[in-house]
Every structure is written in C-alpha cells, then in structure tokens.
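Structure assessment
The residues making up each chain are set out below.
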Amino acid sequence: MDATEFRKEGKVLIDYITNYLENIRDRRVFPDKKPGFIGEQIPDSAPVEGEKWSEIFKDVERIIMPGVTHWQSPHMHAYFPALNSYPSMLGEMITNAINCLGFTWASSPACTELEMMVMNWLAKMIGLPDDYLHKKGGKGGGVIQTTASESTLISLLAGRYVVLKRYMDLYPDVSKHEIHGKLVAYCSDQAHSSIEKAALIGLVTLRYIDADDDYAMRGTALENAIKEDKDKGLIPFWVCATLGTTGSCAFDNLEEIAIICEKELLWCHVDAAYAGSAFICPEHRIWLKGIEKADSIAFNPSKWLMVHFDCTAMWVKNSGALHGAFNVNPLYLTHEYSGFAIDFMHWQIPLSKRFRALKLWFVIRNYGISGLQQHIRKGIRLAEKFESLIAGDSRFEIPCQRYLGLVVFRLIGDNVITETLWKRLNARGKIHCVPASLKGKYVIRFTVTSPRSTVDDIIVAWKEIVSVADDLLKERATISSRTRVPLADTREKNENFGTSLLLSNIPTSPKIVNGSFAAIYDQGDVLDEFMKTVKLRKDAKDSPAMRRRIKGILMSGKQFSLDSRLDLFHGIETTKQSETKLPLLEDTNEGEDTSCTESDFECLQSPCSEPDMLYHDSITRPISVDQRTINFIEMKQVCAKCGHLVNQCEATRDK
C-alpha cells in the first residue's frame, strides 16, 4: 500500500468506522459463536504473496464482526464501560503515525512533557491534593499506565521497596529474603482479582478483610487484622482501598483506612478504576475523603471518560519509591538531561511508553470539563431509571445500594433461577450482562455504558429481562405443580419401574434415590422441555459396548431413566448406520391397551432368526452394597411390539 492508496482507503475506513458506531444499536451485542470459529475460516499459515487491501477489508465483516462483542453498543451492560470517542480516535491516529517510544525524556520530549501536563489537569479535575502534582521541587506526579491492574502491581512493588529498605536499615544483620517472607498485604473481600494477582507476582501474602453489610472495608476490621499479624511476627506493609468494587460498586471507607495506614506506616493505594471518572463531578467526591493520607491512586479514563483503551491515570505522592523499585539505568539510555527531566521508564514496569497523552488531551479539550460532567451524570440518571423499573416489579430484588451507573439485581428465590435468567438473556444476544456473587447471593450486574444510551434503550433492556423472566417463572410453576409420587407407591402405578442404585463418591457409600419423578410423568412434556436445552449427539458410533447397553435396555422390561433413553436414542442412530435391526420400545399413553396379543408374539412361534434376540449366557456382576453376586439366567424372547419380557428372568443369589 502506497500513500495514494492509503489516502483513498483511509477515507473509506473513516466512513466505515463512523457507520459502525452510529448504527451499532442494530447489531447483536453478544456473538453466537463457539471457541475455534476463527480458525475454521482462515488458513493455518500466512500467505506467501501479499493480498489486495480490498480482499483483506472484506474479511472484517465476513470473519471479524460476527464474533465481536460490541462494547460501544447501548445494549452492552456487562462489566464496566470501555468507551471511545471521535477525538480519542483521531488522537490515536496521530499517535500511531508518530509511533514514538517515550521511555526517556530525550526519546520524545513532547511525549513526556504533554503527559506531565495532562496528568496535572486530570488531577485537578478530580480534586486531588497538590502533593500528587508534577511541580518544581515536588516528589509527586502522575503517569499514564496501561491498566489499573498494572497500577496496583506497581504500587505494591513500590510499597515493598519502601518497607524492605526501612527494615534493612533497622536490622542490617537480617537478610532481605527473611524480611520479604513476612510481608503481608490487605484488601477487601470485594476487591478486584487483579490485587490477588499482584500479590502473587510480588511474592507476598495477601489477607482479605471481610466487608461490612454495605460491602465496604472498614477501618476497625483492618486494624484488627493488622494487630493479629503483627502479633504473629509478620510485617504488614500495603493496603488497597477500593472505591467502586467490581461486584456492586461499593466504596471502602478510605478515611478510616488511610488513617490506619499512616499510623502503621503502610503504603495505601486507592483503586478507583471505574468510579474515579465520576470524581470530576464535585457531588461524588465525598468518597475521596482521606485521599490526602494515601500514597497512590489510579483510575481508568478508558472506562468512563471516553478515552479508549489503553489509558490508566496513576498518581503517587513519592515518586522516589517508584525509582527505587524500577530504576535500571544503562549507559545507552542516559542523555544530557538525565537527573533533571523525568524519565518515565522509572515509573513503570515496561521500558517503553506509547504517546497515550495525546488522545487524553484531545478528549479533555474537545468536551471540556462541563461536557464530561454532563456525560457522567447522564449515565447515572439512566441507571436510576433502570433501578426504578426493577423496584416496581415484586418478583425482583436489589440486594445492595445502587452506586453511580451500576445496578445489581436478581430474581427473588434461589441462586439457580437468577443464574438461569442470566444465561438465557445472554444466549438471546439482545442485551449483554455479567453475574457476580455478593455474600453468597447470585446477582446480575447491569451497567449503563454507552454514551449513545437513551431512556428508550433502558426500557428495551427491561422489557427483554421481563420477557425472559416471565417464561422462566412459568416453567418453574409448571414443574413445581407436578405431583411427586412416594417411592413406596411407585410400583403400584408403574409395574415396570425398578429402583436404581446410585453410588456417591466412594463405592462403600451407596445411596437409593427416589426416581418416582422420572418413573411417572407426562412424557411429552418432559421430552419437549429436555429437547429445548440439550442437543442429542447425532454421530453415535457403533461399538460392542453400545450394543450391549441397548440389549440390556430392551431385555429389562423396565421403565427407562432419562439416561437410558439417551443410550437408546444413540443406539437407534447406531443401528441405522450398521443396519442392525433392533426392536424399539414404543411410548404409550395412559389408558391405552398395552397388553400383548397373539399376533404380537408371531416372532415367538419359531426360533428367532435375529441373534440379538437370543440370550443364553449367564452374566455375573458385582453389587457394591455387599459385594455379593447375582447370576442372571437371561430370558430368550422379547415382545416384538412393546419390548416387555415374555418369560421373566430367574434370579438366584449366591450366598
């Protein structure tokens, strides 16, 4: 592709992107695909010769888009927002064209200095103290990281560096490894899984603090845990306070936590990945109380501020801790301003840095603070609308307080019914949500994400939820209304039913299961419902084991369990393939005459020509209850119509 073709195709691509975003509401938000679908559509190896761009571009709609989860869709209510915007994309285009690697100031001065200025802007927008700003003579400042997860890890490693240095200065005879083995970090039991991963990478112990009834970590619980660990000879060193938990968007009490961290000399990191964007609105900064005592904070403009991924804003009060943890300074990376200008390679895990500040700068300038505040408040209003719709339906409950743009709800009842609702909603693909567990309760998370969302979109989503819930609850009512027959009465109602012996995890603990609900049932209803959820295997392979199972089923004369019916189905498919003729059991309706007539026994007037119908062998098998054996002297003939035994088998028990 040369410049002329790039200019031409670039304009086409801009039109495609614009049409995609403006009409994204019409696309199925969640793809109906299974793992491996891409591999089935593209070659195993790269092409030897180059392909035309026109052919490549066709595959975007043909291969890629059918498997995309459309995060910008108004019907996307899963996770947290991951938004983009036109000024952000334009900024990224320029970034990609420049393609600088901003590991030091000298490697691209504009990359470093714009990042410093934009991070100061953003810090002031959310109300951070001056200690977090880049300023002459100051130790603090902001840096753009890739993700909030990486920011958590960086803060943990910085806190680890500080505590190791302190203890090694106090106890010079103690090895660093001995100190390291006693380090303990803390977070709420509602905190994000990335904190656990950070502790794994940092090789430190992580202790979870039980959240209160509002799903928040409180100072008293943290303080008690710290005291317990110190009494054991351990060294507490780092705490993560979450502002906006993943499960329910709950807020840890930062003020209480930060006071304890300051007193105990622990590094206090604040994870505000989603909620941090809302702090540009003054009315939501109440949860930031205590931030002046924390050591670091991070949130994602790539979530709610329409600066597309990746872009995580992180601030520290003491950048020296980052330098201590990450400072590697080979000669080839030094420059004439080393030590005077900021080199962001010392503030992060990777060496190189993309020019991410450009897209953030474009978005802030294009929308302005008031435009971004309007966007945040609109999302919260739409979440309030959805919350009111749920509150108006007595079949649903909201198990925790709504915060910002996330609403958590569930159907009243057991966890299974809510889980089933969630699975069916996603399977239909009209809206997309994800679940969470709040103190043992299975819930569905509904987040307002897209800037294109309207009240009408919220109502459409609610109608979809109600429709699926209606069908689900009707099914439950039908199932619960069926009469359950006591095991003792089962044989009177169905002489062909045999009690099954089912084993639990070990052979010595058998359990008798009441199978009456399967022995007497409206067969059409059960099979219809079964076929809605289970796709029977159509490629059954013929085998001696399969034939033996089918023979046993046909000879037993008993009512089949559902598993046995599956075996029979597979056997039918197999016998069709192998052209083996087997008699089939016919399902009967209640009241129908199922007795065998003389004509039904025509096959018995002379020796049967079908070898599958004659059995003379004595079969011996163990019984797990008492390890004794039963010798079955098999019958020789089966009714051609119903499959019932003509002569009942004689069973003798060896004692």
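The rules behind the values
- Residues numbered from 1 in each chain as written.
- Predicted model: local features only at pLDDT ≥ 70, side-chain atom pairs only at ≥ 80, totals over all residues.
- Heavy atoms only, no water.
- Helix = DSSP H or I, 4+ residues; strand = E, 2+ residues; numbered from the N terminus.
- Contact = heavy atoms within 4.5 Å.
- Areas by Shrake-Rupley, 256 points an atom, 1.4 Å probe, with all protein chains shown as cover.
- Buried < 20%, exposed > 50% of the residue type's maximum accessible area, 1.4 Å probe, protein only.
- Arc of directions from axis to C-beta.
- Pairing = 2+ DSSP bridges.
- Right-handed = clockwise from strand over helix to strand, strands pointing away.
- pLDDT = per-residue confidence, 0-100.
- Salt bridge = Lys/Arg side-chain N within 4 Å of Asp/Glu carboxyl O.
- Phe/Tyr/Trp six-rings, centres within 6.5 Å; stacked < 30°, edge-to-face > 60°.
- Lys NZ or Arg CZ within 6 Å of the ring centre and 35° of its normal.
- Axes fitted to C-alpha atoms, helices over the stretch in contact; angles between N-to-C directions.
- Core = buried A, V, L, I, M, F, W, Y, C linked by side-chain atoms within 4.5 Å.
- Parallel < 35°, antiparallel > 145°, perpendicular 65-115°, else oblique.
- Left-handed = near helix turned anticlockwise from the far one by under 90°.
- Nonpolar A, V, L, I, M, F, W, Y, C, P; charged D, E, K, R; others polar.
- Patch = residues over 30% accessible without salt bridge, like charges linked within 9 Å, V, L, I, M, F, W, Y side chains within 5 Å.

**Brief notes about the overall build of the protein chain**
A tally of regular secondary structure across the protein chain gives 19 helices and 16 strands. Taking the contacts inside the protein chain whose residues are at least 6 apart along the sequence as the reference set, 70% of them involve residues at least 24 apart. For the protein chain, the exposed area adds up to about 34,700 Å²; of that, 54% sits on carbon and sulfur atoms.

**Points about helix 7 (residues 193-202)**
For helix 7, the set of buried residues is Ser194, Ile195, Ala198, Ala199 and Gly202. One side of helix 7 holds all its buried residues, which, seen down the axis, span an arc of 145 degrees. Away from its buried face, by an angle of more than 90 degrees, helix 7 presents the exposed residues Lys197, Leu200 and Ile201. At its buried positions, helix 7 is contacted by helix 5 (148-170), helix 6 (176-180), strand 2 (183-188), strand 3 (205-209) and strand 4 (235-242). Two residues or fewer after helix 7 comes Leu203, characterised by a positive phi angle close to 60 degrees.

**Considering the pairing of strand 4**
For strand 4, a buried count of 8 out of 8 residues is recorded, marking the element as mostly surrounded by other parts of the structure. Direction of pairing for strand 2 relative to strand 4: parallel, over a ladder of 5 bridges. Counterpart to Cys187 in the pairing with strand 4 is Cys240. Here strand 4 runs beside strand 5 (residues 267-271); their pairing, made up of 5 bridges, is parallel. What sits directly across from Trp238, in strand 5, is Trp267. Note that the unit made of strand 4, helix 9 (residues 254-264) and strand 5 has a crossover that is right-handed.

**A word on the confidence of the model for the protein chain**
With 73% of its residues at a pLDDT of 70 or more, the protein chain has an overall mean of 81. Across the protein chain, the secondary-structure element scoring lowest on mean pLDDT is strand 14 (residues 618-622), at 37, and the one scoring highest is strand 5, at 97. Note that residues 648-655 has pLDDT below 50 and, in this model, 15 contacts with residues that lie over four places away or in other chains.

**A short note on the pattern of salt bridges**
Taken as a whole, this structure holds 31 salt bridges when the rule is applied. Two residues, Lys58 and Glu55, come together in a salt bridge whose shortest N-O distance is 3.3 Å. One end of the pair, Lys58, and the other, Glu55, are both in helix 2 (residues 53-64), 3 residues apart, so they sit about a helical turn from each other. With relative accessibility at 39%, the residue Glu55 sits in the partly exposed group. The partner of Asp169 in a salt bridge is Lys165, and the shortest N-O contact between them spans 3.4 Å. You can see Asp169 and its partner Lys165 sitting in helix 5, 4 residues apart, about one turn around the helix. By relative accessible area, Asp169 is classed as exposed at 54%.

**What to know about the packing of aromatic side chains**
Inspection of every chain in the model, using the stated rule, returns 17 aromatic pairs. With centroids separated by 6.0 Å and ring planes inclined at 20 degrees, the aromatic side chains of Trp53 and Phe57 adopt a geometry described as stacked. Of the two residues, Trp53 and Phe57 are both situated in helix 2; the distance of 4 residues between them amounts to about one turn of the helix. Pairwise contacts between aromatic rings join Phe386, Phe396, Phe409, Phe446 and Trp462 into one cluster. Lying over the aromatic face of Trp361, Arg365 brings its terminal NZ or CZ to 4.7 Å of the ring centre. Above the ring of Phe80, the side-chain terminus of Arg445 is found at 4.8 Å from the ring centroid.

**What about the sheet that holds strand 10 (residues 434-438)?**
Overall, antiparallel pairing links the 4 strands, which are arranged 8-9-11-10 in an open sheet. Strands at the two margins of the open sheet, each flanked by one partner only, are strand 8 (396-397) and strand 10. Note: strand 9 (residues 406-411) against strand 11 (residues 441-447), 4 bridges, orientation antiparallel. Bridge pairing in strand 11 links Val407 to Phe446.

**What to know about the sheet that holds strand 6 (residues 296-299)**
With respect to topology, 7 strands assemble into an open sheet ordered 1-7-6-5-4-2-3, the strand pairing being mixed. Pairing within the sheet leaves two strands with one partner each, and these edge strands are strand 1 (141-145) and strand 3. On average, each strand axis in the sheet is tilted by 20 degrees relative to the strand beside it, whichever way the strands run.

**Side note on the nonpolar core**
Judged by nonpolar contacts, the single largest core of 73 residues is most densely connected at Leu122, Tyr186, Ile291, Trp315 and Leu404. When residues no more than four places from it in sequence are discounted, the contact partners of Tyr186 are Leu206, Arg207, Ile209, Leu222, Ala225, Ile226, Asp229, Pro236, Trp238, Val239, Cys240 and Leu266. If you look at the next biggest cluster of nonpolar residues, it comprises 32 residues, including Val143, Leu156, Leu164 and Ala298.

**So, unusual backbone geometry**
Where the residue is not glycine, phi is negative for most of them; where a peptide bond is considered, it is trans in most cases. Of note, the bond from Phe309 into Asp310 is cis; its omega dihedral lies within 30 degrees of zero at 5 degrees. In this structure, Leu404 takes a positive phi of about 55 degrees despite not being glycine. Relative to the assigned elements, Leu404 resides in the loop between strand 8 and strand 9. Accessibility expressed as a relative area gives 3% for Leu404, which makes it buried.

**A few points about the environment of Cys187**
Locating Cys187 in the fold gives a position in strand 2. Look at Cys187 and you get buried, because its relative accessible area is 0%. As a C-alpha pair, Cys187 and Ala241 span 54 residues in sequence and 6.5 Å in three-dimensional space.

**So, the packing of helix 1 (residues 3-22) against helix 2**
Two numbers describe how helix 1 lies on helix 2: the axes approach to 12 Å, and their chain directions differ by 15 degrees. One way to sum up the angle between helix 1 and helix 2 is to call them roughly parallel. Pair helix 1 / helix 2 crosses with right-handed handedness. Here Glu5, Glu9, Val12, Leu13 and Tyr16 of helix 1 lie close against helix 2, whose contacting residues are Trp53, Phe57, Val60 and Glu61. Partitioned by chemical class, the residues of the contact of helix 1 with helix 2 number 6 nonpolar, no polar and 3 charged.

**What to know about the side chain of Ser85**
Looking at the secondary structure, you find Ser85 in the loop between helix 2 and helix 3 (86-98). Excluding its chain neighbours within four sequence positions, the residues that come into contact with Ser85 are Met306, Val363 and Tyr367.

**What about a nonpolar patch on the surface?**
Together, Ile14, Leu90 and Met93 give the surface a local cluster of nonpolar side chains, amounting to about 260 Å² of exposed area. Within the secondary structure layout, Ile14 lies in helix 1.

**With respect to the environment of Gly142**
Note on placement: Gly142 falls in strand 1. By relative accessible area, which is 0% here, Gly142 ends up buried. The spatial distance from the C-alpha of Gly142 to the C-alpha of Trp347 is 9.3 Å, given a sequence separation of 205 residues. If we skip the residues at most four places from it in the chain, Gly142 touches Met119, Tyr132, His134, Met314, Trp315, Phe344 and Trp347.

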